[in-house]
Amino acid sequence: MKRSFLITILAFALTTPLSAMLKHIERVTPRIGQRGTTVDVVIQGAHLVDPKEIIFDRPGIRAVSIEPMTKLPKTTALMHGARIEEEVKCRFEIAPDCVPGEHRFRMRTATQLTSLATFHVTPFPTVDEEETKTTSNGTPATAQSVPTNATIRGRLSDSVKGDVDVFRVPARAGERLSVEVDCVRLTDVHYGDSEFDTAVRVLDASGKEIAANDENPLHVQDPLLSVKLPAETKDHVFVEIRRSVFVQQDTAYAMHIGTFERPLAVYPAGGQAGQKLAVKFLGDPLGEKAAEIAIPSQTGTFEHFGDAPSFMRLRSFAAPNVLEVAEAAETSVPQLPSALNGRLDKPGDKDSFRVTVEKGDRFRVRAYSSTLGSPLDVALSIRKADDAKAEVTADDSDLMLADRDIYGPNFRSRGGLSEVFDPSVIWEPKADGDYLIEVRDTNGFGAATGVYRIEIDTPPDAVFALLRSAAFDWAESGRFTSLAVPQGNRWTFNVALPTGQGSRFRGEMEVVAKGLPAGVTLGNTRIYRGGISGWPVELVAGPDAKPGGAVITLELHPTDPKQRIETASMQWVPFINHSGGDAWRAVKVDRFIMAVTDPAPFSIELQPPTIPLVRGGELGIPVKITRRAGFTEPIEIKCDYEPGGVILPPAETIPGDRSETVVRISATTNAQLWKGPLTVIGTTLRETNAYLGTGEIRVSAPAIHITIAEPYLTLASEPASVRRSGSAEYRWTVTPKSPFEGEAVVNLFGLPKGVSVREPLPRITAASKEVVFQLQATDEALLGPVTDLECEITIKAAGQEIRQRTGKGNLRIDPKL
């Protein structure tokens, strides 16, 4: 089919250092439980000492008990330095009305907030596969009997022959039998390959195939099928699951088997926000079904559940629907904005919608088809009604992830993301009049479930609050996404600020947090420069903030009350990753889990500069470390966010007997002239990648703001020369830029071996017109030209010292006469 993802086994060409990709949580067992029940769960990984709380990001599950961490007798090594050496046992209580599907959580320990993990919920009773090393359920003759409307928790083993699991299911002729597999979507594996790509078959009592599925538009590589059992069906059928491609790995799956309705599409695929919508559910083997659903008042994609264990995606939109007129040459659209709805139900089908626009209008034309589980690969064409030449064409061939407001990791083979097949364009009509918006499938495909929806509106101004990882392979990075703040301390995290497709907003903003617990505030929230790509924000936990977790969202609000923007929290956490950073699956997060942890054994603060950092200059920022009594461990100090054009020093390890240091920052000669934040973080030493941060305690200093200014002066020189064993004056012209008080010392850098500046070094004032260096050359001075000599000016102002480099000089060393 059109989205056949051929996943081949890759040899990992890259190597990573020991523990380079160490995560907190590597395995959660079991992976799924029935709503309305209590499930004993084992969480395994590393750095899980002193567990305190499990925090889910939406209601429905709570951990009613957590046992102390247990050290495992044997460490299990995983890919890229990850390992399992500890486990925590807990009990999840799943509410009777818990939403089925994936639920995200983090664990709070005394000092950590773990990497993201997931647990799944089913509406059906769970049945565990009974296969052992000595018993097999790999054939109909040895099939395990299971009831209908149940969820099988099974594993495809790492057998060299390739494991196959077969289950005997009660059945009746003429009934519906539906099968859904969760394997790719169920995985909690950070690195993997094709072992998650499965296929299912339904066999009659004789072993004859009734139905089969490998891939499908709704769940991509997780198979599903729904079939009306034939008249010759006896009292049972067999359901078989195997891998599509042989990989010798042990893989968990959940397989839902029952008589539940399993529609494959809904038409129309959305409606106007806050309204009732008459729809048809398509693709069920017992026929189409008419129904009425309530469209949420909140616009966007929403999940609609029937009695299946998974949802259908639908759209809520501010503007009304326009439904295609079947068999008509075109459908008139009375107004824009509107949502155009249709079906390409036979091969070669094409639909046209007539709209009336004016030159100067501006529209976002966004398709929703594959996004919602349709088999179509939509292509759009927009042309004047009286002109065969298209003004705009769009399909998935040139679609960028940002066109669909998807930001974060890369996605392997487009990551199984259905959104990447639906085009989205900004259209600015070139003339007044009628236009035709034409919809077709890129391959001429058509099907009864070939539903599409084209939403047309004015491109909204939109800015998102994105937590973006920066570790190798886009693996989740605690430095950026673990929002743990020690009690009585602070933690600074960087918020990326991508804009929505077609957004023109470039104004100043305020970062606003919703859901913060008592005693926790947000600091450094004023983004006083528009159009930048990111900003450091501080979580500040007062001394009265109680340790505990919370679920928060971040929003961006314009500081100008007359302006409005759309905003949302966003994060993509990759799973089934590969070297090179291409995720096969990623979990989208629209809210963030944060936690107040136990007090850290240290805090840090910066001494704000009293003078600006000039272009081409260097400025020292004193750092003070306050250590808790008895804490003598080394601490790593690192600058982490800087204004554009500022060069940061490398991380520095401060020994346990020191509590002060100076970080020296410098500015390029073309650095932006503005004021921006500088953040410095302090961490205990770790065994992992610096940005992964697993196992470390992290705090930050209050942000300070650095002003980038023009240099105090510039120096320039004409080419000069000096002979071996001789001396010479080297004159530089001084051009003042900014006033300063007192005298500045000037030194010369880049001189070759055997040439030096005689002491004392020259001094200048703001009124100086020239500086002269007295050069001395030895008998062994290197002969020939020397270029790119630089002057360093040291100025003391407002109690601080700043160094500035300027000029590019040329000097020639000649032989003795």
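Above this text sits the structure in question.
Residues numbered from 1 in each chain as written. Predicted model: local features only at pLDDT ≥ 70, side-chain atom pairs only at ≥ 80, totals over all residues. Heavy atoms only, no water.

Q: Pulling in residues and values, what's your account of the overall build of the protein chain?
A: The secondary structure content of the protein chain amounts to one helix and 67 strands. Projected onto its principal axes, the C-alpha coordinates of the protein chain cover approximately 110 × 75 × 55 Å. The buried share of the protein chain, taken over its 817 residues, is 55%. Sequence separation of at least 24 residues holds for 72% of the intrachain contacts in the protein chain that already meet a minimum separation of 6. Here the protein chain displays about 33900 Å² of accessible surface, and carbon together with sulfur accounts for 49% of that area. In the protein chain, which carries 92 positive and 105 negative side-chain charges, the distance between the mean positions of the two groups comes to 3 Å. (Helix = DSSP H or I, 4+ residues; strand = E, 2+ residues; numbered from the N terminus. Buried < 20%, exposed > 50% of the residue type's maximum accessible area, 1.4 Å probe, protein only. Contact = heavy atoms within 4.5 Å. Areas by Shrake-Rupley, 256 points an atom, 1.4 Å probe, with all protein chains shown as cover. Lys, Arg positive; Asp, Glu negative; His and termini not counted. Charge placed at Lys NZ, Arg CZ, Asp CG, Glu CD.)

Q: Which residues make up the layout of surface pockets, and what values do they have?
A: The space that makes up the second largest pocket amounts to roughly 970 Å³. Lining the second largest pocket are 37 residues, and of these Arg27, Arg155, Asp188, Val189 and Asp250 sit closest to its centre. Among the secondary structure elements, those contributing two or more residues to the lining of the second largest pocket are β1 (25-29), β6 (70-77), β12 (150-156) and β19 (251-258). Here the element with the most residues in the lining of the second largest pocket is β1; it accounts for four residues. In terms of residue class, the lining of the second largest pocket is made up of 16 nonpolar, nine polar and twelve charged. (1 Å grid on protein atoms, 1.4 Å probe; cavity = no way out; pocket = protein on both sides within 12 Å on 5 of 7 lines; lining within 4 Å. Points joined across faces, edges and corners; volume = space filled by probe spheres on them. Nonpolar A, V, L, I, M, F, W, Y, C, P; charged D, E, K, R; others polar.)

Q: Mind laying out the environment of arginine 615, listing which residues take part and the relevant values?
A: With respect to the helices and strands, the residue arginine 615 is situated in the loop between β50 (613-614) and β51 (617-627). A C-alpha to C-alpha distance of 70 Å links arginine 615 and alanine 211, two positions 404 residues apart in sequence. A distance of 2.8 Å separates a polar atom in the side chain of arginine 615 from the backbone oxygen of alanine 671. (Polar contact = N/O pair within 3.5 Å; in protein donor to acceptor, adjacent residues only side chain to side chain.)

Q: Can you explain the nonpolar core? Please cite residues and give values.
A: Ranked by size, the top nonpolar core spans 65 residues in total, and within it Leu177, Met255, Phe493, Leu497, Leu554, Leu556 and Met594 carry the most contacts. Residues Val663, Leu715, Val722 and Ile795 belong to the second largest nonpolar core, which totals 59 residues. (Core = buried A, V, L, I, M, F, W, Y, C linked by side-chain atoms within 4.5 Å.)

Q: How would you explain unusual backbone geometry if you had to name every residue and give the values?
A: Backbone phi values are negative for most residues with the exception of glycine, while trans is the configuration of most peptide bonds. A cis amide bond links tyrosine 267 with the next residue in sequence, proline 268, at an omega value of -10°. With respect to the helices and strands, the residue proline 268 is situated in the loop between β20 (265-267) and β21 (270-272). In this model, glutamate 759 is joined to proline 760 through a cis peptide bond whose omega is -5°. Tracing the backbone shows proline 760 in the loop between β63 (755-757) and β64 (763-764).

Q: How would you sum up the packing of aromatic side chains? Please name residues and give values.
A: Per the stated rule, a full pass over the model turns up 15 aromatic pairs. Plain terms: the ring middles of phenylalanine 363 and tryptophan 427 are 5.7 Å apart, the flat faces sit at 35° to each other, and that makes the pair tilted. With a gap of 64 residues between them, phenylalanine 363 in strand β30 (residues 363-368) and tryptophan 427 in strand β34 (residues 424-427) connect regions that are remote in the sequence. Relative accessible area serves as the criterion here: at 0%, tryptophan 427 is assigned to the buried category. Taken together through their ring pairs, the aromatic side chains of Phe56, Phe92, Phe105 and Phe119 make up a single cluster. Taking the ring centre of tyrosine 368 as reference, the NZ or CZ of arginine 315 above it sits at 4.0 Å. A cation over a ring is seen here: arginine 343 above tyrosine 267, with NZ or CZ 6.0 Å from the ring centre. (Phe/Tyr/Trp six-rings, centres within 6.5 Å; stacked < 30°, edge-to-face > 60°. Lys NZ or Arg CZ within 6 Å of the ring centre and 35° of its normal.)

Q: Give a description of the pattern of salt bridges that names residues and reports values.
A: Tallied over the full model, the rule gives 52 salt bridges. The partner of glutamate 743 in a salt bridge is arginine 763, with the nearest N and O atoms 4.0 Å apart. Here glutamate 743 is found in the loop between β61 (727-736) and β62 (744-749), whereas its partner arginine 763 is found in strand β64, with 20 residues between them in sequence. In this structure glutamate 743 comes out as partly exposed when scored by relative accessible area, which is 49%. (Salt bridge = Lys/Arg side-chain N within 4 Å of Asp/Glu carboxyl O.)

Q: An account of the side chain of aspartate 441 is requested, with residue identities and associated values reported.
A: Residue placement: aspartate 441 occurs in strand β35 (residues 433-441). Among the residues examined, aspartate 441 registers a relative accessible area of 3% and is labelled buried. A distance of 2.6 Å separates a polar atom in the side chain of aspartate 441 from the backbone nitrogen of aspartate 377. Ignoring any residue separated from it by four or fewer positions in sequence, one finds aspartate 441 in contact with Leu344, Pro375, Leu376 and Asp377.

Q: Describe the sheet that holds β61, naming the residues involved and giving the relevant values.
A: The four strands are arranged β59-β61-β65-β63 in an open sheet whose pairing can be described as antiparallel. On the outer flanks of this sheet lie β59 (713-717) and β63, each paired with one strand and no other. Between one strand axis and the next, the sheet turns through 35° on average, direction left out of account. Sheet topology note: the β59/β61 ladder contains five bridges and is antiparallel. Bridging from a neighbouring strand, leucine 715 pairs with valine 734 of β61. (Pairing = 2+ DSSP bridges. Axes fitted to C-alpha atoms, helices over the stretch in contact; angles between N-to-C directions.)

Q: Requested: an account of the sheet that holds strand β11 (residues 144-145), with residues and values cited.
A: Sheet strands associate in pairs through backbone hydrogen bonding, adopting either a parallel or an antiparallel arrangement. On the basis of which strands lie adjacent, the open sheet formed by five strands has the order β11-β13-β18-β15-β16 and mixed pairing. Taken across any chain shown, the strands that pair with only one partner, and hence form the sheet edges, are β11 and β16 (209-213). The sheet contact formed by strand β15 (residues 198-203) and β16 spans four bridges and is antiparallel. When the sheet's bridge partners are listed, valine 200 is paired in β16 with asparagine 213.

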